[in-house]
Amino acid sequence: MLKQRVITALVLLAILLPALFYPSPDPFCAITLVLIAAGAWEWGRLNDCSNPLAWLLGAACVLLCVGSWAFGLLSMPTPWLWRFVGAAWVLVGAWLLRTGVAGWPRIARPIRLVGGLAAVWLAWLAMAQARVIGINFLLSILLLVWVADIFAYFAGRAFGTRFTKGKLAPAISPGKSWEGVWGGMAGVLLLAVLWVWADAAWQAPVASFYSRLVGMGWWMLLLAVLFMAAMSVVGDLVESLIKRSAGVKDSSGLLPGHGGVLDRVDALLPTLPLAMMLVSW
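Residues numbered from 1 in each chain as written. Predicted model: local features only at pLDDT ≥ 70, side-chain atom pairs only at ≥ 80, totals over all residues. Heavy atoms only, no water.

Undergrad: Got a sec to walk through the overall build of the chain? Specific residues and values, please.
TA: The helix and strand inventory of the chain stands at 11 helices and 2 strands. Sequence-ordered secondary structure for the chain, helices as α and strands as β, is α-α-α-α-α-α-β-β-α-α-α-α-α. Here the C-alpha radius of gyration of the chain, 18 Å, is about what a compact globule of 281 residues would show, namely 19 Å. Projecting the C-alpha coordinates of the chain onto the three principal axes gives extents of approximately 50 × 50 × 40 Å. A burial count over the chain gives 50% of its 281 residues as buried. Taking the intrachain contacts of the chain between residues at least 6 apart in sequence as the baseline, contacts between residues at least 24 apart amount to 73%. When the accessible surface of the chain is totalled, it reaches about 13900 Å², and 72% of it is carbon and sulfur. (Helix = DSSP H or I, 4+ residues; strand = E, 2+ residues; numbered from the N terminus. Rg over C-alpha atoms; globule rule 2.2 N^0.38 Å. Buried < 20%, exposed > 50% of the residue type's maximum accessible area, 1.4 Å probe, protein only. Contact = heavy atoms within 4.5 Å. Areas by Shrake-Rupley, 256 points an atom, 1.4 Å probe, with all protein chains shown as cover.)

Undergrad: So, the packing of aromatic side chains: which residues are in play, and what are the values?
TA: Overall, the coordinates contain 8 aromatic pairs when judged by the stated rule. With centroids separated by 6.0 Å and ring planes inclined at 85°, the aromatic side chains of Trp43 and Trp104 adopt a geometry described as edge-to-face. Of the two residues, Trp43 is situated in helix H2 (residues 26-46) and Trp104 in the loop between helix H4 (79-103) and helix H5 (109-133); the sequence distance between them amounts to 61 residues. By the burial criterion, Trp43 is buried, and Trp104 matches it. Relative to Trp124, the ring of Trp69 has its centre 6.1 Å away and its plane inclined at 45°; by these criteria the two rings are tilted. Residue Trp69 is located in helix H3 (residues 51-71), and its partner Trp124 is located in helix H5; the two are separated by 55 residues in the primary sequence. (Phe/Tyr/Trp six-rings, centres within 6.5 Å; stacked < 30°, edge-to-face > 60°.)

Undergrad: So what about unusual backbone geometry? Which residues, and what values?
TA: Unlike most non-glycine residues, Asp48 shows phi in positive territory, near 65°. Tracing the chain through its elements places Asp48 in the loop between H2 and H3. Residue class for Asp48 comes out exposed when judged on its relative accessible area of 60%. Positive phi values are uncommon outside glycine, yet Gln203 reaches one of about 50°.

Undergrad: Tell me what's going on with the side chain of Asn47, and back it up with residues and numbers.
TA: Note on placement: Asn47 falls in the loop between H2 and H3. From its side chain, Asn47 meets the backbone oxygen of Trp43 in a polar contact 2.8 Å long. In terms of polar contacts, Asn47 uses its side chain to reach the side chain of Arg112, at 3.0 Å. (Polar contact = N/O pair within 3.5 Å; in protein donor to acceptor, adjacent residues only side chain to side chain.)

Undergrad: Describe in detail the pairing of strand E2 (residues 173-177), supporting the description with residues and values.
TA: Direction of pairing for strand E1 (residues 167-169) relative to E2: antiparallel, over a ladder of 2 bridges. By the bridge assignment, Lys167 is partnered in E2 with Ser177. Hairpin connection from E1 to E2: 3 residues lie between these consecutive antiparallel strands. (Pairing = 2+ DSSP bridges.)

Undergrad: Outline the packing of helix H6 (residues 135-159) against helix H11 (residues 268-279), supporting the account with residue identities and numerical values.
TA: At their nearest, the axes of H6 and H11 sit 10 Å apart, and the two run at 135° to each other. Taken together, the axes of H6 and H11 are oblique relative to one another. Considering the relative orientation of H6 and H11, their crossing is right-handed. Contacts between H6 and H11 pair Phe137, Leu138, Ile141, Leu142 and Val145 from the former with Leu268, Thr271, Leu272, Ala275, Met276 and Val279 from the latter. (Axes fitted to C-alpha atoms, helices over the stretch in contact; angles between N-to-C directions. Parallel < 35°, antiparallel > 145°, perpendicular 65-115°, else oblique. Left-handed = near helix turned anticlockwise from the far one by under 90°.)

Undergrad: Lay out the packing of H3 against H5 in plain terms, naming residues and giving numbers.
TA: In contact at an axis separation of 10 Å, H3 and H5 are set at 40° when each is read in the N-to-C sense. If you check the angle between H3 and H5, you find them oblique. For the crossing formed where H3 meets H5, the hand is right-handed. Counting all contacts with H3, which are made through Leu53, Leu57, Ala60, Cys61, Leu64, Cys65, Ser68 and Trp69, the residues of H5 involved are Arg109, Leu113, Leu117, Val120, Trp121, Trp124 and Leu125. Grouping the amino acids of the contact of H3 with H5 by side-chain chemistry returns 13 nonpolar, 1 polar and 1 charged. (Nonpolar A, V, L, I, M, F, W, Y, C, P; charged D, E, K, R; others polar.)

Undergrad: Kindly report on a nonpolar patch on the surface, identifying the contributing residues and their values.
TA: Nonpolar side chains collect at one region of the surface, where Trp146, Ile150, Phe151, Tyr153, Phe154, Leu190 and Leu194 lie side by side and expose about 740 Å² of accessible area between them. Within the residue set of the nonpolar patch, elements represented by two or more residues are H6 and helix H7 (178-202). By residue number, the principal contributor to the nonpolar patch is H6, which donates 5 residues. (Patch = residues over 30% accessible without salt bridge, like charges linked within 9 Å, V, L, I, M, F, W, Y side chains within 5 Å. Salt bridge = Lys/Arg side-chain N within 4 Å of Asp/Glu carboxyl O.)

Undergrad: Which residues make up the side chain of Lys243, and what values go with them?
TA: Among the structural elements, Lys243 can be located in helix H9 (residues 218-246). Excluding residues that lie within four positions of it along the chain, Lys243 makes contacts with Leu46, Val248, Lys249, Asp250, Ser251 and Asp263.

Undergrad: Give me the lowdown on the nonpolar core, citing residues and values where you can.
TA: Of all hydrophobic cores here, the largest spans 87 residues; its most connected members are Trp82, Trp124, Leu144, Phe209 and Tyr210. Discounting chain neighbours no more than four positions away, the residues touching Leu144 are Val188, Leu191, Phe209, Tyr210, Val225, Met228 and Ala229. (Core = buried A, V, L, I, M, F, W, Y, C linked by side-chain atoms within 4.5 Å.)

Undergrad: Provide a residue-level description of the state of the cysteines, including the pertinent values.
TA: For the coordinates displayed, the defined rule picks out 0 disulfides. Among the cysteines around Cys49, which has no disulfide bond, Cys61 carries the closest sulfur, lying 14 Å off. (Disulfide = S-S within 2.5 Å.)

Dropping the structure here:
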């Protein structure tokens, strides 16, 4: 399993990193479009779709992404869109976690399919717009999620349930603790401060997500990164809820040793649109 994980990670890095650092954003947007379409296919499979219908969902995702690209949305400011999507993620995410695993099958399947398709498409659009703004900007958002996950893992292992009586969401993801959430938040705060310092020290030609926020005040940076860390947990828990409802461990086996695409991008589904929402102010 470890060998599979390493090989898969190296292959993905060998594909994604050259595309990410290519002068034009087009190669990165094209590769991630393929990946997110695979995520839409996985979404269909998680929601009891037949294989043809799951493939149709993936094709619909491709059409939405390509249509957005052709219409010029990748370089077009869309603050109204990100404010709507951000509000939807906060409200719907909170409602889904409150209703729990048992509540997911009660939602009509067409609504689940359309909602999932919209979530993966809009996450891709937010990532593409961030890449058009600049590599430093996009990386600062991606690293926030990854650092939150890493710090949460180690804080959870070291301090899990030591300071709190219960788990974070035992019915959805028994391994997650409140201590892990706090550790993740501490990690992203440290990341944000260091990135703001690095932007200033190296005179970054494109401001990072954090430098844009600190331009509105340090209080805004503090609140925003804590909010983003919390919403990355929401994205993770929502996908765990859906997988538990479907009775599966991974969203698919497309990425050997890592599960499926949705397993890798679950926390990014809310955080990418929310990042675009925050900087639109």
